[in-house]
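Below, each chain spelled out in residue letters.
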Amino acid sequence: FLSTYCIMSAGDLFYFDFRGRGFIIRVLLDIAHVDYNDHRVTFEEWSSMKTTCTFGQLPVWKDSDVGTLSQSHSIHRYLANKYNLNGKNAIETARIDEIYEEGNDIFNAIIQVLFAKDQFEEKKPNLITNIIPKHIAFLTNILKKNNDG
């Protein structure tokens, strides 16, 4: 399935038609002003496409430099490096990674509650009143230490 697409732009993103794990990729590409093909995969398409994906999951990024790249975090780092969004030196890169990993902690906390199924309503208040505000406070403190930047 993936091999049927020709790269006519900077690359091709394959992900479902919702934010999820494709959101950060789309944001990075928009910030870098990259012209890319955003393939919004339907669940019908996904059934035939799944076996062609390296790890049997989306998102997948494809370009003429890297070929096909799977795993959202690998795609994030690749695009950030390729389009000079990952710091000018080791210290800036480390600070970016620190914030990035905190974002992952927030995302994972939200996912745990969203997929708790029968415990969703029970876990949601703690997420909203404790977990998310705790992480936002961490990020706010970092911004304050760095003069809001």
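Residues numbered from 1 in each chain as written. Predicted model: local features only at pLDDT ≥ 70, side-chain atom pairs only at ≥ 80, totals over all residues. Heavy atoms only, no water.

Enquirer: Describe the nonpolar core, and please don't skip the residues or the numbers.
Expert: One finds Leu 13, Ile 25, Leu 28, Leu 29, Val 34, Tyr 36, Trp 61, Leu 69, Ile 75, Tyr 78 and Leu 79 forming the largest nonpolar core, which totals 11 residues. Of all the elements in the fold, those that place two or more residues in this core are helix 1 (23-31) and helix 3 (72-82). For Ile 25, the residues in contact, after removing those within four places along its chain, are Leu 13, Pro 59, Ile 75, His 76 and Leu 79. Counting nine residues, the second largest nonpolar core, distinct from the first, contains Phe 16, Trp 46, Met 49 and Val 60. (Core = buried A, V, L, I, M, F, W, Y, C linked by side-chain atoms within 4.5 Å. Buried < 20%, exposed > 50% of the residue type's maximum accessible area, 1.4 Å probe, protein only. Helix = DSSP H or I, 4+ residues; strand = E, 2+ residues; numbered from the N terminus. Contact = heavy atoms within 4.5 Å.)

Enquirer: Give a description of the pattern of salt bridges that names residues and reports values.
Expert: Evaluated as defined, the whole model comprises seven salt bridges. A salt bridge links Arg 40 to Asp 17, with the nearest nitrogen and oxygen atoms 2.9 Å apart. Of this pair, Arg 40 sits in strand 2 (residues 37-41) while Asp 17 sits in the loop between strand 1 (12-16) and helix 1, and the two are 23 residues apart along the sequence. Arg 40 sits in the partly exposed class, given a relative accessible area of 38%. A salt bridge links Asp 63 to Lys 82; the nearest nitrogen and oxygen atoms lie 3.0 Å apart. Note that Asp 63 is positioned in strand 3 (residues 60-63) and Lys 82 in helix 3, a separation of 19 residues in sequence. Among the ionic contacts, a cluster of salt bridges with common partners joins Asp 17, Arg 26, Asp 38 and Arg 40. (Salt bridge = Lys/Arg side-chain N within 4 Å of Asp/Glu carboxyl O.)

Enquirer: Can you lay out the environment of Gln 112 for me, pointing to particular residues and giving the numbers?
Expert: Of note, Gln 112 is situated in helix 4 (residues 90-114). The class of Gln 112 is exposed, set by a relative accessible area of 59%. With 36 residues separating them along the chain, Gln 112 and His 76 place their C-alpha atoms 22 Å apart.

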